[in-house]
Amino acid sequence: MLSFVSDLRLVDHHCHGVLRDDVDRAGFEGMLTEADRTSPLGTSLFDSSIGLAVRRWCSPVLDLPPHAPADEYLARRRSLGAADVNRAFLMAADVDTYLVDGGLSPDLLLDHRELAAVTGAVSFEVVRLEYLAEQVVSAGCTASGFADAVRARLDSSTAVGAKSIAAYRVGLALRPERPTAKEVADAAGRWLASGGRCADEVLTRFLVWEALDRRLPVQFHVGYGDSDADLHRCDPLLLTDLLRATAGLGVPIMLLHNYPFHRNAGYLAQVFPHVFVDLGLTTHNVGHQASRLLAEALEIVPFGKFLFSTDAYGLAELYHLGVLLFRRALSDFLTAAMASGDVVEADAIRIAHLIGYENARRAYRLD
Amino acid sequence: MLSFVSDLRLVDHHCHGVLRDDVDRAGFEGMLTEADRTSPLGTSLFDSSIGLAVRRWCSPVLDLPPHAPADEYLARRRSLGAADVNRAFLMAADVDTYLVDGGLSPDLLLDHRELAAVTGAVSFEVVRLEYLAEQVVSAGCTASGFADAVRARLDSSTAVGAKSIAAYRVGLALRPERPTAKEVADAAGRWLASGGRCADEVLTRFLVWEALDRRLPVQFHVGYGDSDADLHRCDPLLLTDLLRATAGLGVPIMLLHNYPFHRNAGYLAQVFPHVFVDLGLTTHNVGHQASRLLAEALEIVPFGKFLFSTDAYGLAELYHLGVLLFRRALSDFLTAAMASGDVVEADAIRIAHLIGYENARRAYRLD
Amino acid sequence: MLSFVSDLRLVDHHCHGVLRDDVDRAGFEGMLTEADRTSPLGTSLFDSSIGLAVRRWCSPVLDLPPHAPADEYLARRRSLGAADVNRAFLMAADVDTYLVDGGLSPDLLLDHRELAAVTGAVSFEVVRLEYLAEQVVSAGCTASGFADAVRARLDSSTAVGAKSIAAYRVGLALRPERPTAKEVADAAGRWLASGGRCADEVLTRFLVWEALDRRLPVQFHVGYGDSDADLHRCDPLLLTDLLRATAGLGVPIMLLHNYPFHRNAGYLAQVFPHVFVDLGLTTHNVGHQASRLLAEALEIVPFGKFLFSTDAYGLAELYHLGVLLFRRALSDFLTAAMASGDVVEADAIRIAHLIGYENARRAYRLD
């Protein structure tokens, strides 16, 4: 691996917390991929690209030989306990700065400060918009008071960015206009009457516009996720109207994950001034094939618009793999380009720094 | 090629019969790709990836040097006659077990028993649902009797799986619910009044649910096919609602072919417990580029959910090429992963066995 | 590079004119990719695949060392002046025959004759249908006279093909039928009343059918373009109904650019007798990654249906890069296929000639 890539400082601009407690085999397999659980019709989820990557790359971190069998690996993991496992993988990952979406299963996971404390890293919060709205409703509000209650929470937030899971809840075909006060109150009223999760197109748009008003970069889950999502409603191209409407604000919009729509995402990052993309989640899920995916993702996206993230969630292994497979893929990309004479080393170094941390620092104004 | 891949036992879980009689050049070219015939605006269909593959790999099977010119190849083929040509290629393909969809042009093709008899292979029937429905109508039935007539045929079938060409007839955006008896009778009535092929969304869903009731794995044509299909209605993601509705039944759903939506299909196989995928038809159509396609198809699909098939139809060459190019692609995939240290040989062998035959045997309960 | 590829005669079946005058840095960056301008949130557009390609491959043409810094490159460019720069790159590109869409910013660009005169090449005009319609309206016409005025202009045109930017104006989901005279007059009336650009689905279809009546091959912008387009309305599969309706006419339809839908386009070229595809615009935008894209584009398209184009516009560099990166990608494709024994040299040469110029000469009847 290129030394300037193996040493590259990293801002992980989108991840979640790591599990506080131990997990059994079923739980481990259930968090390994986007499947809920191992299927009785299939075989173990270790029989997958990411399963192979865990056995190869994570075994040595737990002082096992590479490619240890799954049972042996899980036994070793249990014998060490969650705290030691977390420390081992987070130290191996060696991320400089975490931006943490803490709104998914907060009870089970370390929060952003606890995560960072494991390795002495820096961390920032990313506020999950749908979770914030649900907190507003849980705390008690009226339909007409919903909007101001959301605003108050956003105003008091110390988050450096916002995150929307519109893809899971209403799809990405959001209308472009900021909803009116009446539309928001009406939608809130419907939600208060029906209960359930925040899954309303008007409210989603309201949340996004409010975040943009506060100059918070807005992250969108895009593409690949679990079976809750209708993937055909998760193509980033469906965001085009909203991107066009918000292009003039000068506030970044971050398209996360993007597989298998990563080329579509790259197009949006090229033509819209405020769009950035990453390849989080994908990188560790495709395991040893990550190099090809990163190369595809970098076809037309400006290098100043591509970010690093892991989207790691729960399993400490995913932080390590997200980093390691990314470094390997970036090194492969730059090594090939230098070998063919298409990039000189000084440019390769600059591109690595942009992608590893400079773009994130600039876009989120972390300094 | 890796010896454990060149020797790998194969269950071809989706193919058709081979032509009983000889074929002229126009007929040969018309069956080589998904084009109906050679276009006067283009050139020979031998000028394509599959055409190059025929000349390279099929010529030696007919005792010609590799890369024999098309005319020479076809002359040799004619001089041997259909029976010898079929035997030569099916012996070269060396498939252990065929699952044969016999519902397309049955008069022209060997049926599944005849196909298997050529080489002493084992064969099973896959019942083509739309063809079964058309047979019910041809045999004479009433609108209210249609459903039971379908059920009777399914009950007496010895098929190990069912196949739907919804993609060609109504698109894959099937609604998830099982249609009611009244809806089925009404739809059957409309069809009986209008005539033509089975091309009704309600009837398609009825057929699929009836097959699932009998625990028959249901194969769907997905993606790439001839110009009869509207490819934008053949994206497997359009099946999401139906897949969600049937996930709890424990009966496999097989997504066939999938090009160019193979990544979408792999996602479905990861997140839905009953979804399996293959790369049939694609493999021989892309010829020497099959290795890249197989690698893409294996990015996120669990190795326990990927099946081998040729989708060979009519031309004996397609059985040979479907097998050979698949073996070559699988060997390339595993060789590269072993060379980079990402997979050890024991795992590579296990993955090959899963994909070659174990997954099919388990999913179709062939033992 | 293979000598028969570096020497290959080329018909560029779709490009625009080159800039008549000099351009400053902002203007240069704005024409380099499909972004309107450099984003203050990103970095220079030289930080992209095409930016690296300019610095590597274009610097030596201006007598700078490869990989000259952007400022140095632009200073050298300015010191030479537009005429010298144009000549240097067009000579380096060495295109035999240009087919030029002159309907975009004609005031700023050399027309097809002027372009060809720079190097002594041959040139033909491709008439841009929406621009022709706008000229008809500018010249003054009535709603009922619109159709005949269009016909008169087409009849007097010396163009060898027509071009539609339906993708930008109305999307590619065109209905298949030829519109009636009344529908055209009504649509023209609405347009005359409202003003603006030609952006009406009925008029677009009318223009396309009129071009086909005159046996003019019709080029469609497909896929990737600037932020004016809704890329999800630019998938070539949306043209399926129109392609089916026009398949019997024997007049070619050319799908241009196609990224990231190049596999979908290849499918259409295989199954419809009159569909041809290219990879213009994409080739230079993806820079050193063009080889993978060309390989993907050639998976299932018959080699007799794939055309060369640059889609170069404005910057002289784009003609050079479009040619050079295409030659490099084609050479890589054929070299790999020969190395693995999948293609013999005589076939590789024939495929190169088909793609480089024979297909274009046949489809546009240039002889």
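Residues numbered from 1 in each chain as written. Chains lettered and ligands numbered in written order. Predicted model: local features only at pLDDT ≥ 70, side-chain atom pairs only at ≥ 80, totals over all residues. Heavy atoms only, no water.

A. Structural view of the overall build of chain A. Tallying secondary structure elements over chain A gives 17 helices and seven strands in all. For chain A, the C-alpha atoms occupy an extent of roughly 60 × 50 × 40 Å along the three principal directions. Surface accessibility of chain A: about 11,700 Å² in total, with carbon and sulfur atoms responsible for 52%. Here chain A contributes 35 positively and 47 negatively charged side chains, and the mean placements of these two sets differ by 3 Å. (Helix = DSSP H or I, 4+ residues; strand = E, 2+ residues; numbered from the N terminus. Areas by Shrake-Rupley, 256 points an atom, 1.4 Å probe, with all protein chains shown as cover. Lys, Arg positive; Asp, Glu negative; His and termini not counted. Charge placed at Lys NZ, Arg CZ, Asp CG, Glu CD.)

B. Geometry of the domain arrangement of chain A. Residue and element names in this part refer to chain A. What the domain assignment reports for chain A is domain 1 (3–20 + 93–363) and domain 2 (23–80). Between domain 1 and domain 2, the contact holds 22 residues from the first and 17 residues from the second. At the boundary of domain 1 with domain 2, total buried surface from both sides reaches about 1,600 Å², with 66% on carbon and sulfur atoms. Arg77 is paired through a salt bridge with Glu317; the nearest N and O atoms lie 2.7 Å apart. The tally of links from domain 1 across to domain 2 stands at three residue pairs in polar contact (both at pLDDT 80 or more). Counting only elements with at least two residues in the side of domain 1 that touches domain 2, the list comes to helix H14 (282–285) and helix H16 (316–339). With eight residues, H16 is the largest single contributor of residues to the side of domain 1 that touches domain 2. Residue composition of the side of domain 1 that touches domain 2, grouped by class: twelve nonpolar, seven polar and three charged. (Domains from an automatic or database assignment. Contact = heavy atoms within 4.5 Å. Buried area = accessible area lost by both parts, 1.4 Å probe. Salt bridge = Lys/Arg side-chain N within 4 Å of Asp/Glu carboxyl O. Polar contact = N/O pair within 3.5 Å; in protein donor to acceptor, adjacent residues only side chain to side chain. Nonpolar A, V, L, I, M, F, W, Y, C, P; charged D, E, K, R; others polar.)

C. Spotlight on the pairing of strand S4 (residues 161–164) of chain B. Residue and element names in this part refer to chain B. Of the two faces of S4, the one carrying Gly161 and Lys163 and the one carrying Ala162 and Ser164 are both buried. Pairing of strand S3 (residues 122–128) with S4 involves three bridges; the strand directions are parallel. Pairing of Val126 across the sheet is with Gly161, part of S4. Across three bridges, S4 lies against strand S5 (residues 218–222) in parallel orientation. Considered in S5, the bridge of Ser164 is made with Phe220. (Buried < 20%, exposed > 50% of the residue type's maximum accessible area, 1.4 Å probe, protein only. Pairing = 2+ DSSP bridges.)

D. Layout of the relation of the copies chain C and chain A. Of the transformation placing chain C onto chain A, the axial shift is 0.0 Å and the rotation is 120°, giving an RMSD of 0.0 Å. Expressed as a symmetry operation, the mapping of one chain copy onto the other fits a three-fold axis. Among all C-alpha atoms of chain C, that of Arg292 of chain C lies closest to the rotation axis, at 5.8 Å. Of the residues that chain C buries at the interface, just 3% are likewise interface residues in chain A, meaning the two copies contact each other through different surfaces. (Least-squares fit on C-alpha atoms with pLDDT ≥ 70 in both.)

E. Seen up close, the nonpolar core. Among the nonpolar cores identified, the biggest contains 425 residues, and Phe220 of chain A, Phe220 of chain B together with Phe220 of chain C are the most heavily contacted of them. The contacts of Phe220 of chain C, once residues within four sequence positions are left out, are Ser164, Ala166, Leu172, Leu174, Val208, Leu239, Leu242, Ile253, Met254, Leu255 and Leu256 of chain C. (Core = buried A, V, L, I, M, F, W, Y, C linked by side-chain atoms within 4.5 Å.)

F. Spatial organisation of the UniProt feature "domain: Amidohydrolase-related" (unreviewed entry) in chain A. In the numbering used here, UniProt assigns the "domain: Amidohydrolase-related" (unreviewed entry) feature to residues 207–366 of chain A. In this annotation, residues 207–366 of chain A is assigned 49% helix and 8% strand; the end-to-end C-alpha distance for the span is 22 Å. (UniProt positions renumbered as here; feature names shortened; annotations may be inferred.)

G. Examining the packing of helix H5 (residues 82–93) of chain A against H16 of chain A more closely. Residues and elements named next belong to chain A. Close contact between H5 and H16 brings their axes to 8 Å; oriented N to C, the two are set at 15°. With respect to their mutual orientation, H5 and H16 come out roughly parallel. Helix-helix and strand crossings are classified by hand; for H5 and H16 the assignment is left-handed. Residue-level contacts link Val85, Asn86, Phe89, Leu90, Ala92 and Ala93 of H5 to Ala316, Glu317, Tyr319, His320, Val323 and Arg327 of H16. The residue makeup of the contact of H5 with H16, split by class, is eight nonpolar, two polar and two charged. (Axes fitted to C-alpha atoms, helices over the stretch in contact; angles between N-to-C directions. Parallel < 35°, antiparallel > 145°, perpendicular 65-115°, else oblique. Left-handed = near helix turned anticlockwise from the far one by under 90°.)

H. Inspection of the interface of chain C and chain A at higher detail. Taken together, the contacts link 37 residues of chain C with 37 residues of chain A. In total, about 3,100 Å² of surface goes out of reach between chain C and chain A, with carbon and sulfur atoms giving 54% of it. Viewed at the interface, chain A and chain C are joined by seven salt bridges. Asp230 of chain C is the partner of Arg244 of chain A in a salt bridge, and the nearest nitrogen-oxygen pair spans 2.7 Å. Summed over the shared surface of chain C and chain A, the result is 24 residue pairs in polar contact (both at pLDDT 80 or more). When contributions to the side of chain C that touches chain A are tallied by element, the ones reaching two or more residues are helix H3 (49–58) and helix H15 (290–297) of chain C. The element best represented in the side of chain C that touches chain A is H3 of chain C, accounting for five residues. Per-class residue counts for the side of chain C that touches chain A are 13 nonpolar, 14 polar and ten charged.

I. Spatial organisation of the sheet that holds strand S3 (residues 122–128) of chain C. Residue and element names in this part refer to chain C. The strand order across the open sheet formed by seven strands is S1-S2-S3-S4-S5-S6-S7, and the pairing between neighbours is parallel. Looking at which strands have only one partner, the edges of the open sheet turn out to be strand S1 (11–15) and strand S7 (275–277). When strand polarity is set aside, the average angle formed by the axes of neighbouring strands in this sheet is 25°. Contacts between helix H11 (residues 201–213) and the sheet are confined to strand S4 (161–164), strand S5 (218–222) and strand S6 (253–257), with S5 contributing the most and set at about 140° to the helix.

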